[in-house]
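# Structure at a glance
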Amino acid sequence: MQCFFKASAGLRFLTASWLLAASAVLPAAHAQAPQAPDIAARSYLLLDVTANQILAAKDIDSPVEPASLTKLMTEYLVFDALKSKKITLTQTFGVSQRAWKMPGSRMFIDPKMQVPVEDLIKGMIVQSGNDATMALAEGVGGTAEQFVQRMNEQAKALGMTATTYKNPEGLTEAGHTTTARDLSILSTRLMADFPDYIGYSAIKKYRYPGTPATNDTNRNTLLFRDPTVDGLKTGHTNAAGYCMIATAKRDFPNLGAAGKPGGRRLLAIVLGASSDSARATESQKLMNWGYTAFEAVKLFDAGQAVVTPAVWKGKEAVVKLGRPEAIIVSVAAGGASRIKTQVARPEPLVAPFKQGQSLGSLKVMLGDNPALLAEVPLVALEAVEEAGILGRAWDSIRLWIK
């Protein structure tokens, strides 16, 4: 049996840390949703990362070639190897003939070099070097083929159900496809899972000693235009067109804990634009629109109980249900006062419960529109142990009478 009831939110115009894995990524598709601007691209997606809601989208499940956006998955596996201490930033990798001869954008490394992992990462991200990418894939995976197998396994593990990788760098190859939706999953997980390494995406200029000085500039031109932009990647092939995944974090008053300033992060994915300048312009247009057309509303603070229902057969009388991070939703500007919330949870709640155990969800709606803005899983904020024999027996009788 499920129990439904309204939750008092104490609404405030705020935002907080990301809700990755906290709420489903749902379109803000209520009747009052702002009209997205015209975006000159085959496919696009604007995600409010802070609220974990899609604000605008076009053909986000259509298969596309990712070009060098492929390197985001290569980054993911390299960063994972660093995090698990399988490799180090100062460790050096050799440059194979295959890596040296990679076509397309390059870092300009050669087989005479032993290149530190950190430099290869910068070469892959800043210069979009296919040679650096291949060197990393071979160094981490043993062979490029084994690394690509791991890329596909990781895509499946992340829930990227429409993605298939054929190579680590993104050159055109039959069957090498993804979608805007899958790229949003990869991008948000990359930022959330590897905060110590994602900063490489914000580097504006880099070149390896002894390589051409003219090859030192990040192709993400928004890094130079907008100080709030700090990533992530660009890509281009003739088949894919000009592609970009850009993310920005802008501070707003009272967005953090205890009424302090905090950041709101948006992610724009633009695929198949007509030129380098077009992909940057359209990405900037999407993000500027998202920041002005929508406002972030903080419903509950991190660790704040959304509801405290009664517990049966437990050492505690109630269990606190909430989220370890703040619960945020994104609504059309001016719509915060129309937010309604409802909690769905099992009834009765019979102990024991582990801290972090999922015990229901918070449904968020706008006005009388039944469409959900978001549905956020609620977990036990504190563990509740099972009561003793007498306590359990007494509650068994009470439940039977009830």
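Notes on the structure follow. (Residues numbered from 1 in each chain as written. Predicted model: local features only at pLDDT ≥ 70, side-chain atom pairs only at ≥ 80, totals over all residues. Heavy atoms only, no water.)

## Examining the nonpolar core
Grouped together as the largest cluster of nonpolar side chains are 63 residues, with contacts concentrated most on Met-73, Phe-79, Ile-109, Leu-120 and Ile-121. When contributions to this core are tallied by element, the ones reaching two or more residues are strand 3 (43-48), helix 1 (71-83), helix 3 (117-125), helix 4 (130-141), helix 5 (144-158), helix 6 (180-193), strand 8 (241-252) and strand 9 (262-273). Of all the elements, helix 1 adds the most residues to this core, at eight residues. Beyond its immediate stretch of four places on either side in the chain, Met-73 contacts Met-151, Gln-154, Ala-155, Leu-158, Met-160, Tyr-165 and Leu-186. Membership of the second largest hydrophobic core comes to 27 residues, among which are Phe-300, Val-306, Ala-336 and Leu-373. (Core = buried A, V, L, I, M, F, W, Y, C linked by side-chain atoms within 4.5 Å. Buried < 20%, exposed > 50% of the residue type's maximum accessible area, 1.4 Å probe, protein only. Helix = DSSP H or I, 4+ residues; strand = E, 2+ residues; numbered from the N terminus. Contact = heavy atoms within 4.5 Å.)

## A short note on the environment of Glu-325
By the secondary structure assignment, Glu-325 is in the loop between strand 12 (321-322) and strand 13 (327-332). Through-space distance from the C-alpha of Glu-325 to that of Ala-302 is 4.0 Å; in sequence the pair is 23 residues apart. A polar contact of 2.7 Å, which involves the side chain of Glu-325, links it to the side chain of Arg-323. (Polar contact = N/O pair within 3.5 Å; in protein donor to acceptor, adjacent residues only side chain to side chain.)

## A short note on unusual backbone geometry
The peptide bond linking Gly-231 to Leu-232 adopts the cis configuration, its omega dihedral lying at 5°. With omega at 15°, the peptide bond leading from Ala-351 into Pro-352 counts as cis. Its place among the elements puts Pro-352 in the loop between strand 14 (339-346) and strand 15 (358-366). Look at Phe-108: it is not a glycine, yet its phi comes out positive at around 70°. By the element assignment, Phe-108 lies in the loop between helix 2 (97-100) and strand 6 (114-116). Take Phe-108: its relative accessible area is 35%, and that puts it in the partly exposed class. Although it is not a glycine, Ser-128 sits at a positive phi angle of roughly 55°. Here Ser-128 lies in the loop between helix 3 and helix 4. Taking the relative accessible area as the measure of exposure, Ser-128 reaches 3% and is therefore buried.

## Quick notes on helix 5
In a regular helix each residue adds 1.5 Å, so 15 residues correspond to 21 Å; helix 5 covers 21 Å between its end C-alpha atoms and thus fits that length. Of the positions making up helix 5, those classed as buried are Ala-144, Phe-147, Val-148, Met-151, Gln-154, Ala-155 and Leu-158. Buried positions in helix 5, seen along its axis, are confined to an arc of 120° and lie on one side of it. Exposed residues lying more than 90 degrees from the buried face of helix 5 are Lys-156 and Ala-157. On its buried face, helix 5 is in contact with helix 1, helix 2, helix 4 and helix 6. At the exit of helix 5 stands Gly-159, carrying a positive phi of roughly 90°. (Expected span 1.5 Å × (residues − 1). Arc of directions from axis to C-beta.)

## Structural notes on the packing of aromatic side chains
Under the definition given, this model contains five aromatic pairs. Between Phe-79 and Tyr-197, the ring centres sit 5.5 Å apart and the planes meet at 25°, which makes this aromatic pair stacked. Placement of Phe-79 in helix 1 and of Tyr-197 in the loop between helix 6 and helix 7 (222-225) is noted, with a sequence separation of 118 residues between them. A relative accessible area of 16% places Tyr-197 in the buried class. (Phe/Tyr/Trp six-rings, centres within 6.5 Å; stacked < 30°, edge-to-face > 60°.)

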